[in-house]
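So you can see what is in the structure, the chains are spelled out below.
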Amino acid sequence: LWTAQIASLFGDWFNIIASATLLSQLTGSGAALGGFFAIRMLASFVVSPLSGVLADRYNRKNILIVTDLLRFGVVLLFLLVRKPQHAWLLFALTALQVGIGGIFEPIRTAILPEIASRRLLGAANTLSAVTWSTLLALGAAAGGMFASAFGIRAAFVLDSLTYVLSALLL
């Protein structure tokens, strides 16, 4: 579960850097960039209440794998965004990707008590939080360097593959 978290979070930061860069190139608009980050916050917020219902009714591990595979497909669709008139697609795909993540994350957190002993649950939660923070710094830096060296499209492909890796690890 932890290594799957590392894989998907690492790719997420590649995607954020690549998406923001692409949006800036396509629109040159600070307002568009602000809207992009607003969508990233709102999509997860809107969808996350659904995760509790899903977690209570379906196999949590299977939900995590399915959501990773869905995000793999969604991120590959980012490759279709090539022209300024496609900016709306970047917003829609971002909302979809982050919305699916809004289902994934609460369910991943809900699994921790099932796989960690009561004595180690605090440490497991701490490790998860530290992993997120560490990958915020490392993933964003690596994503920027990777996108600069290999291009934005390569960053999207790598991000999509991190979801496959996460699903396989799960």
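Scroll up a little and you will see the structure.
Throughout what follows, the structure given in this document is the object of discussion.

Conventions and cut-offs
Residues numbered from 1 in each chain as written. Predicted model: local features only at pLDDT ≥ 70, side-chain atom pairs only at ≥ 80, totals over all residues. Heavy atoms only, no water. Helix = DSSP H or I, 4+ residues; strand = E, 2+ residues; numbered from the N terminus. Buried < 20%, exposed > 50% of the residue type's maximum accessible area, 1.4 Å probe, protein only. Contact = heavy atoms within 4.5 Å. Areas by Shrake-Rupley, 256 points an atom, 1.4 Å probe, with all protein chains shown as cover. Lys, Arg positive; Asp, Glu negative; His and termini not counted. Charge placed at Lys NZ, Arg CZ, Asp CG, Glu CD. Salt bridge = Lys/Arg side-chain N within 4 Å of Asp/Glu carboxyl O. Core = buried A, V, L, I, M, F, W, Y, C linked by side-chain atoms within 4.5 Å.

## Concerning the overall build of the protein chain
For step 1, the next point in the chain: Across its full length, the protein chain holds six helices and zero strands.
For step 2, the next point in the chain: Scanning the protein chain from its N terminus toward the C terminus, one meets helices and strands in the order α-α-α-α-α-α.
For step 3, the next point in the chain: With respect to the three principal axes, the spread of C-alpha positions in the protein chain is 50 × 30 × 25 Å.
For step 4, the next point in the chain: By the burial criterion, 40% of the 170 residues in the protein chain qualify as buried.
For step 5, the next point in the chain: Restricting the contact set of the protein chain to residue pairs at least 6 apart, pairs at least 24 apart contribute 81%.
For step 6, the next point in the chain: Of the roughly 8,600 Å² of accessible surface on the protein chain, a fraction of 72% belongs to carbon and sulfur atoms.
For step 7, the next point in the chain: The averaged location of the 6 negative side-chain charges in the protein chain is 3 Å from the averaged location of its 11 positive side-chain charges.

## Side note on the pattern of salt bridges
Here the idea is simple: oppositely charged side chains can pair when their charged atoms come close.
For step 1, the next point in the chain: Inspection of the entire model under this criterion finds four salt bridges.
For step 2, the next point in the chain: The salt bridge partner of Glu 114 is Arg 60, with a shortest N-O separation of 2.6 Å. On the criterion of sequence distance, the pair formed by Glu 114 in helix α4 (residues 87–115) and Arg 60 in helix α3 (residues 60–77) is long-range, its members being 54 residues apart.
For step 3, the next point in the chain: On the basis of relative accessible area, Glu 114 is assigned to the exposed category, the value being 54%.

## Considerations on the nonpolar core
For step 1, the next point in the chain: Core analysis: the largest hydrophobic core is formed by 23 residues, its most contacted members being Leu 22, Leu 23, Phe 78, Val 81, Leu 93 and Phe 156.
For step 2, the next point in the chain: Put simply, the parts of the chain that give this core at least two residues each are α1 (2–27), α2 (30–57), α3, α4, α5 (121–150) and α6 (152–169).
For step 3, the next point in the chain: With six residues, α1 is the largest single contributor of residues to this core.
For step 4, the next point in the chain: With residues near it in sequence (within four places) discarded, Phe 156 still touches Asn 15, Ala 18, Ser 19, Leu 22, Val 75, Phe 78 and Leu 79.
For step 5, the next point in the chain: Judged by nonpolar contacts, the second largest core, of nine residues, contains Ile 63, Phe 104, Ile 107 and Leu 170.

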